[in-house]
Amino acid sequence: MSFSREPFIDIIAGTRPNFVKIAPIIHALEKYGPSKSIGNYRLVSTGQHYDKALCGCFFEQLDIPQPDENLMAGSGTQAEQTASIMTAYEELLFNEKPTASIVVGDVNSTLACTLAARKMHVPVAHVEAGIRSGDWGMPEEINRVVTDSISNYFFVTTKQAAKNLNKSGANSDHIHFVGNTMIDTLRTNESRFSPPVEWDEFNLNAKNYLVVTLHRPSNVDDFYELSKLLETICSACAGYKVIFPVHPRTLRQLAEIEALPANLVLINPQPYLQFNYLVKHALAVLTDSGGITEEATAMSVPCLTLRDTTERPETVELGTNALVGKCEEKLTQSLKKIFKGKWKQGQLPEKWDGKSSERIVALLHDIL
Ligand code: UD1
């Protein structure tokens, strides 16, 4: 790392998708080199994700330097986790204040550090600001709205996100349409994607399997609902293997289910390069993650979102994604189209061109 006393900015990351979003920003900062306005950066890992599978291997594969600070927050209820990150970050700020804090995405770490920073008079720049699902049942929607309501600068992935912020009264001079840093990471690493160990073990070949990921509380916290959803998916995918890299939250629930569908293949959570290899060569991906719908769009892979709403409408309107929720009819009809090769091709949203982080860093130099 490149931390020197003053000035410096904080870069906050807490969870798996955060690591994917900050990697190219760090690389762009390093390319730019220290400057009068920004100085160096201090990488703060909140410890929300701590397992090697969800954290360590992302640092290694995406060439993210070791964090300068680890807040060691760990798991807990929503309030416990948020409070523990806030308390630890506040303490860090008491010792040394950055010129600004950069937060990304919509996870508890994003909200907690934004609250702590703003109350300590540290300006906050939010990367991936302004996206909205309108689904208040998801902790991420609350995190987005609260983070945006107190952030100072907004880096947005789409024009719609800018409109959402304008509607909520954000200062339009502080809203910057830069594109999507997750796609920067995808473009930088695409040539390094490589098959996971399970590729040979389960005789996987391009387009002879589907990928499913599920970790949203609404889909996985009730094991009866989870079991029903997996049955529906796997029977609609009869004749194909359904590869399921299992998130720790989901694993606990799966342990309660006595019999899983025969074509369902459970594998460990995958590192970035292996997971995206699987997605790139899959016939389709079924997911309740938002980031994966963006990656599927960028790779032109058919994608079905197992939710009723999305904060990323461009992946549906322009991309390869469709919302099917838990509706058996929609799921079956969509999969039939995919199996017949009749799914939409999709287009890339504007500025998802691999250069978003460079735009962000150039703007940070102007702004700070
Ligand atoms: C969090 C984010 C979600 C993001 C997801 C990516 C919030 C509210 N949610 O959800 O937006 O899509 O990360 O994975 O911030 N656990 C481990 N090892 C770890 C981390 C977690 O075993 O390294 C277990 C814990 O027991 C925990 C559970 O997974 O109870 C959930 O972790 P948590 O970070 O609370 O939320 P996610 O479901 O991962």
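Please refer to the structure placed before this passage.
Everything in this summary refers to the structure shown in the same document. (Residues numbered from 1 in each chain as written. Predicted model: local features only at pLDDT ≥ 70, side-chain atom pairs only at ≥ 80, totals over all residues. Heavy atoms only, no water.)

A few points about the sheet that holds strand β13 (residues 321-323)
Here's step 1: Across the sheet, which stays open at both edges, the six strands sit in the order β10-β9-β8-β11-β12-β13 with parallel pairing between neighbours. Looking at strand neighbours, the two that pair on one side only are β10 (264-267) and β13, the edges of this open sheet. Neighbour to neighbour, the strand axes of the sheet diverge by 25° on average, direction disregarded.
Here's step 2: Where strand β12 (residues 303-305) and β13 come together, three bridges link them in parallel fashion. Following the sheet pairing, Thr305 is matched in β13 by Leu323.
Here's step 3: The strands that helix α10 (residues 223-236) touches are β8 (209-213), β9 (241-245), β10 and β11 (284-287); relative to β9, the one it contacts most, it runs at about 145°.
Here's step 4: Docked against the sheet, helix α15 (residues 328-339) engages β8, β11, β12 and β13, running at close to 175° with respect to β12. (Pairing = 2+ DSSP bridges. Helix = DSSP H or I, 4+ residues; strand = E, 2+ residues; numbered from the N terminus. Axes fitted to C-alpha atoms, helices over the stretch in contact; angles between N-to-C directions. Contact = heavy atoms within 4.5 Å.)

Things to note about the pattern of salt bridges
Here's step 1: Counted under the stated rule, the structure contains 21 salt bridges.
Here's step 2: For Glu128, the salt bridge goes to Lys21, with nearest N and O atoms at 3.0 Å. Residue Glu128 is located in the loop between β5 (124-127) and α5 (139-150), and its partner Lys21 is located in helix α1 (residues 16-32); the two are separated by 107 residues in the primary sequence. We note that Glu128, like Lys21, is buried.
Here's step 3: With its nearest N and O atoms 2.5 Å apart, the salt bridge here joins Glu141 to Arg144. (Salt bridge = Lys/Arg side-chain N within 4 Å of Asp/Glu carboxyl O. Buried < 20%, exposed > 50% of the residue type's maximum accessible area, 1.4 Å probe, protein only.)

Some points on the sheet that holds strand β4 (residues 100-104)
Here's step 1: Strand order in the open sheet made by the seven strands is β3-β2-β1-β4-β5-β6-β7, with parallel pairing throughout. A single partner strand is all that each edge strand has here, and the edge strands are β3 (69-70) and β7 (175-177).
Here's step 2: Taken together, the four bridges between β4 and β5 define a ladder with parallel strand orientation. Directly across from Ile102, in β5, lies its bridge partner Ala125.

Things to note about the site of the ligand
Here's step 1: Not every one of the 21 residues close to the ligand is listed here, only the nearest: His49, Tyr50, Asp51, Glu140 and His247.
Here's step 2: Take Gln48: an N or O atom from its side chain is 2.8 Å from an oxygen atom of the ligand.
Here's step 3: Between the ligand and the protein, one listed contact pairs an oxygen atom with a backbone N or O atom of Asp51 at 2.8 Å.
Here's step 4: Protein coverage of the free-state accessible area of the ligand, which is 740 Å², stands at 90%.
Here's step 5: Those elements that place two or more of their residues in the shell around the ligand are α1, α3 (78-95), α5 and α11 (248-254).
Here's step 6: Here the shell around the ligand takes three residues from α11, the largest share from any one element.
Here's step 7: Looking at side-chain class alone, the shell around the ligand contains six nonpolar, nine polar and six charged residues. (Near = heavy atom within 4 Å. Polar contact = N/O pair within 3.5 Å; in protein donor to acceptor, adjacent residues only side chain to side chain. Areas by Shrake-Rupley, 256 points an atom, 1.4 Å probe, with all protein chains shown as cover. Nonpolar A, V, L, I, M, F, W, Y, C, P; charged D, E, K, R; others polar.)

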